[in-house]
Amino acid sequence: MQEEEKDHFIKNIEIKNFKCFNDFKAEGFGRVNLIGGKNNVGKTAFMEATWINTYSRNTNGFFTSVWAIAYMRDNMELICKDCSFLNKQLFERTKSYFSKSNINTVNYELLNKDGKQEYCFNINNKETIINVNSFSYQSEEISNIKYIDNFGYTNNQLKEAFEAVQKRDTEEILYQYINDFDSNISNFKIIGGDKPQCKIHNGNYMDLNEFGDGLKHWISIICSLYASKDGYLFIDEIDNGIHYTNLDKLWEIILTSSKKQNVQVFATTHSKECIESYARVAKRLEDEEITFVELGRNKKDELDSVVMDSEMFQRFIALGNEVRGW
C-alpha cells in the first residue's frame, strides 16, 4: 500500500468534554486498532468520539454521528426517523464535544444565551452558529464510514453493507468466509427486499436470525469491510457471539481485507482470548500496521491510554502480561 493511500487514517486524537473524557490524548494508531481495558472504562465512548471526528466533515455530518450514537445506545426502532422533535431530543443529549485529530478538528457547544438556544459549531476552523429553531436536523450518511454497535446491524443496515459486496462481485469470497464459520451454509442472500437468509446444503433457505447472533455479526463485519473501502470501520465488542475457536479466522479476515480495501478499523473487546488471537494472527501474517490500545485510569484516577505498536504488543503478549485492571 502506498503511503498516500493511508492519508485518511487517524494517527492521533485529543478528546475533551465528551462523556468520560475530560482531557484525553492518544497517538500512534495503525490500520487495525483493538481497544481493551476493564468494563466501563470508556472503550465504547472512545470509539464513539473517534467516529464523530471522522464523520464531522460539516455540521450535518456532526449531527448525523451524534444523533446515531444516542439512537444506537437506546437500540431504538426507526419509527420516527423523520420526526424533527425526536431528532432534536437525541441530538441535544450531547451538550458539548471537542476532538482534534490529524484529520479533523471539531468543537461543538449547545448555548443558552438571552433566552435563545444556539448550536455553535467550529469544524476545521469554520464557525457556524445556528438557532435551534432554524436547524434542519437532516442526516448525511457517509457510505464508507460504518459503525457496528453491540446490538449488531439491523436488517436494513446489513442489506446496505451487502450491496457493497455485490457491487464488487465478491459474493463468492463472502460465501467461503460464511462456510468457514458454519460448513452447513453454502451462500447468503437478501430475499424479499430486506430479509437476510442463508442457504443450507439441503437447498433450503433459512432466516439469518435462526442461526444466532454470531453468524449475523460475522457476516456484518465482512460486508462492512467492503462497504468501508478507503474509509473507516468501527466495531463495538468485536467478538460478540463468536466462539473462541473462530477468532483466528475472524482476525485473518479483518487483517487481510482491511489491507486490501484500505480500511482503518477500530474495535473493542473485553475478552482475553480475543486479544491473544489478534496478536497470534497478526504475528503469523507479519502485519505490523496494528496496535493494541489499553484504556485505564492512572494513579490520579484520570483516564489514560497506552497505544502499543506491533512490536510492543507482541512483546507484551509474549511476556504474559495482563491488561490493566483485569
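The structure we're discussing is the one just above.
Residues numbered from 1 in each chain as written. Predicted model: local features only at pLDDT ≥ 70, side-chain atom pairs only at ≥ 80, totals over all residues. Heavy atoms only, no water.

Trainee: What is the right way to look at the sheet that holds strand E9 (residues 185–191) in this model?
Mentor: What the three strands build is an open sheet, ordered E9-E10-E11; its pairing is antiparallel. The two strands at the open ends of the sheet, each matched to only one other strand, are E9 and strand E11 (205–207). Here the average twist between neighbouring strands, direction ignored, is 35°. As paired elements, E9 and strand E10 (residues 195–200) share six bridges and run antiparallel to each other. Residue phenylalanine 188 lies in a different strand from E10, and its bridge partner there is cysteine 198. Sheet strands in contact with helix H4 (residues 155–167) are E9 and E10, and its direction is about 110° off that of E9. (Pairing = 2+ DSSP bridges. Helix = DSSP H or I, 4+ residues; strand = E, 2+ residues; numbered from the N terminus. Axes fitted to C-alpha atoms, helices over the stretch in contact; angles between N-to-C directions. Contact = heavy atoms within 4.5 Å.)

Trainee: Would you mind showing me how to read the layout of surface pockets here?
Mentor: Empty space among the atoms becomes visible once a probe the size of a water molecule is rolled across them. Approximately 410 Å³ is the volume found for the second largest pocket. Considering the residues around the second largest pocket, the lining is formed by 21 residues, among which Asn40, Thr44, Arg73, Asp236 and Glu237 are closest to the centre. Elements represented by at least two residues in the lining of the second largest pocket include exactly helix H1 (43–55) and helix H2 (59–74). Considering every element that reaches the lining of the second largest pocket, the biggest residue donor is H1, with four residues. Here the residues of the lining of the second largest pocket are counted per class, giving seven nonpolar, eight polar and six charged. (1 Å grid on protein atoms, 1.4 Å probe; cavity = no way out; pocket = protein on both sides within 12 Å on 5 of 7 lines; lining within 4 Å. Points joined across faces, edges and corners; volume = space filled by probe spheres on them. Nonpolar A, V, L, I, M, F, W, Y, C, P; charged D, E, K, R; others polar.)

Trainee: Honestly, the side chain of histidine 217 in this entry has me stumped. Any pointers?
Mentor: Residue position: histidine 217 is located in helix H6 (residues 213–227). The exposure class of histidine 217 is buried, given its relative accessible area of 6%. (Buried < 20%, exposed > 50% of the residue type's maximum accessible area, 1.4 Å probe, protein only.)

Trainee: What am I meant to see in the packing of H6 against helix H7 (residues 247–261) here?
Mentor: If you want to describe how two helices pack, look at the angle between their axes and the distance between the axes. At a minimum axis distance of 9 Å, the contact between H6 and H7 shows a crossing angle of 15°. One way to sum up the angle between H6 and H7 is to call them roughly parallel. The crossing of H6 and H7 is left-handed. Two secondary-structure elements touch here, H6 through Trp218, Ile221, Ile222, Leu225 and Tyr226 and H7 through Lys249, Leu250, Ile253, Ile254, Ser257, Ser258 and Gln261. When the residues that make up the contact of H6 with H7 are grouped by side-chain class, the tally is eight nonpolar, three polar and one charged. (Parallel < 35°, antiparallel > 145°, perpendicular 65-115°, else oblique. Left-handed = near helix turned anticlockwise from the far one by under 90°.)

Trainee: Would you explain the packing of aromatic side chains in this entry?
Mentor: Two numbers describe a pair of aromatic rings. These are the distance of the centres and the angle of the planes. Applying the stated criterion across every chain, the model contains 35 aromatic pairs. An angle of 70° between the planes, with centres 5.9 Å apart, marks the rings of phenylalanine 63 and tyrosine 137 as edge-to-face. Here tyrosine 137 lies in the loop between strand E7 (126–131) and strand E8 (145–148) and phenylalanine 63 lies in helix H2, a separation of 74 residues in the sequence. Per residue, the accessibility class of phenylalanine 63 equals that of tyrosine 137, and both read buried. Where tryptophan 251 meets tyrosine 278, the ring centres are 4.5 Å apart and the plane angle is 45°; that geometry is what we call tilted. Of the two residues, tryptophan 251 sits in helix H7 while tyrosine 278 sits in helix H8 (residues 272–285), which places them 27 residues apart along the sequence. Here tryptophan 251 matches tyrosine 278 in class, with each residue buried. The ring of phenylalanine 98 has lysine 16 lying over it, and the distance from NZ or CZ to the ring centre is 5.6 Å. (Phe/Tyr/Trp six-rings, centres within 6.5 Å; stacked < 30°, edge-to-face > 60°. Lys NZ or Arg CZ within 6 Å of the ring centre and 35° of its normal.)

Trainee: Explain the packing of helix H5 (residues 171–181) against H6 here, please?
Mentor: Put simply, H5 and H6 touch, their axes get as near as 11 Å, and they point 150° apart. Classified by the interaxial angle, the pair formed by H5 and H6 is roughly antiparallel. The two elements H5 and H6 meet at a crossing, and its hand is right-handed. Contact residues: H5 offers Ile173, Leu174, Tyr177, Ile178 and Phe181, while H6 offers Gly214, Leu215, Trp218, Ile219, Ile222, Cys223 and Tyr226. In the contact of H5 with H6, the residues fall into eleven nonpolar, one polar and no charged.

Trainee: Would you take a moment to explain the sheet that holds strand E3 (residues 32–36) for this structure?
Mentor: By way of backbone hydrogen bonds, the strands of a sheet pair with one another, either parallel or antiparallel. With respect to topology, six strands assemble into an open sheet ordered E8-E12-E13-E3-E14-E15, the strand pairing being mixed. Every other strand in the sheet has two partners, leaving E8 and strand E15 (303–308) as the edge strands with one partner each. Sheet twist, expressed as the mean angle between neighbouring strand axes with direction ignored, is 15°. Here E3 runs beside strand E13 (residues 264–268); their pairing, made up of four bridges, is parallel. Among the inter-strand pairings, valine 32 is bridged to a residue of E13, identified as valine 265.

Trainee: Could you clarify how one ought to interpret the pattern of salt bridges in this entry?
Mentor: Pairing is possible between side chains that carry opposite charge, provided their charged atoms lie close to one another. Across all of its chains, the model carries 13 salt bridges by this definition. With its nearest N and O atoms 3.2 Å apart, the salt bridge here joins glutamate 92 to lysine 88. You can call glutamate 92 buried: its relative accessible area is 10%. Accessibility expressed as a relative area gives 24% for lysine 88, which makes it partly exposed. Measuring nitrogen to oxygen at the nearest pair gives 3.8 Å for the salt bridge that ties arginine 315 to glutamate 311. (Salt bridge = Lys/Arg side-chain N within 4 Å of Asp/Glu carboxyl O.)

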